[in-house]
Amino acid sequence: MAKVVDQRRAVTGRPCFICDYSPPRSGRPEDIPAPPHNAQFVSAAYNPGRAVRVNSVATAAVLRDRCGADPIFTLATRDMNRLALESLLLGAQALSLENVVVVAGDPLGPEDLASPVNDYRSTELIAAVANLNQGVDYRGRSLRAPTDFCIGATVDLGRGIDREARLAARKVDAGAHFLITQPVFDPADVARFADACARTAGMRFTTPVFYGVGLMEPDGVSFASVPRWVTDDLANGRSGVDIALDVWQRLREAGVEDCYVVPPIRRSGARNYSAAREFIQRATTE
């Protein structure tokens, strides 16, 4: 198994692909679909759609043990208190899982019939994981052994580049080792984000960023803002993989080295991992 920061292009000389993955709504191991075998990492999401799904830590372990994938598990602040979160992290360490991405989680509404906890903010949970890596829990007590997590965090450039640059700086200061973004369609946003981060940090921003590339289908769902030209191309019969490859090539020309792949999401909630597999294959050969 490998850590995300050790597989990025700056280290290996080739782009690193992280593929987003939705755990199933079933506890049977055979119901966990095979992820793209050519992704360097598969990132198990945390209850996407605010639905009951296999826990992201358990999914990551199954993806590794049954599918041979290098996994990442996502952990949200929304649903557990500090004791539960840090205990789950120790459990992940006991399972030899090395990579975690910290998120806040989508807000719960009355229709979800569940109560939010939010004992930590996402930046605070990042700092808590960094403290566990130093062998200290949230009460300031020493663990018998420190953890050794590679910590990821998220940003969404669609919410405002300057705002997200300030947030990224806080997350890095808290202990994040790498960042992933929601899908980016405008390559100019890469330079804008780097410049904003440099202004915020007062120095060149060197934290690895895995820029999101979203794969679309005509009847699919996206949680990111999709430009009109993409929906027009899909309506005219252009393949979502071809569109994503076009976006990836433009991002590469803008200096992007590593990629966070978001497979198509169908209205049923199913993911098209074969499209992600084709995208990664063509992105590494064309």
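Anything mentioned here points back to the structure above.
Figured I'd write up the structure that's included with this text.

Attention now goes to unusual backbone geometry. In the Ramachandran plot, S96 falls in the positive-phi region, its phi being about 65 degrees despite a non-glycine side chain. Relative to the elements of secondary structure, S96 occurs in the loop between α4 (82-94) and β4 (99-103). Residue S96 is classed as partly exposed on the basis of its relative accessible area of 48%. Phi at N118 is positive, roughly 50 degrees, even though this residue is not glycine. Within the secondary structure, N118 is located in the loop between β4 and α5 (122-133). A relative accessible area of 42% means that N118 is categorised as partly exposed.

Let us now look at the pairing of strand β7 (residues 209-214). Burial of β7 is extensive: 6 of the 6 residues sit out of reach of the surface. Here strand β6 (residues 178-183) runs beside β7; their pairing, made up of 3 bridges, is parallel. Across the sheet, P183 pairs through a bridge with G212, a residue of β7. In this structure, β7 lies alongside strand β9 (residues 258-262), joined through 5 bridges in parallel fashion. By the bridge assignment, Y211 is partnered in β9 with C259.

So, about α4. For α4, built from 13 residues, the straight-helix expectation of 18 Å at 1.5 Å per residue is met to within 8% by its first-to-last C-alpha distance of 18 Å. Those residues of α4 that fall on the buried side of the exposure criterion are L85, E86, L88, L89 and A92. Seen end-on, α4 carries its buried residues on one side only, within an arc spanning 155 degrees. Along α4, exposed side chains directed more than 90 degrees from the buried face belong to L83 and A94. Buried residues along α4 sit against α3 (56-67), β3 (71-76), β4 and α5.

Procedures and definitions
- The numbering scheme is per chain: residues are counted from 1 as the chain's sequence reads.
- For a predicted model such as this one, the threshold for reporting local features is a pLDDT of at least 70, and the threshold for listing and counting side-chain atom pairs is 80 or more; totals across whole chains, interfaces and linings nevertheless cover every residue.
- Working from all heavy atoms in the structure, the side-chain values ignore hydrogens and water.
- A run of DSSP states H or I qualifies as a helix once it reaches four residues; a run of E qualifies as a strand once it reaches two. Both are numbered from the N-terminal end.
- The classification of residues rests on relative accessible area computed with a 1.4 Å probe and restricted to protein chains. Under 20% of the type maximum is buried, over 50% is exposed, and intermediate values are partly exposed.
- Strands qualify as paired when DSSP identifies two bridges or more between them.
- Here the expected span of a helix is defined as 1.5 Å times the quantity of residues minus one.
- By definition, the arc is the one covered by directions from the helix axis to the C-beta atoms.
- Residues count as neighbours in contact if any of their non-hydrogen atoms are within 4.5 Å of one another.

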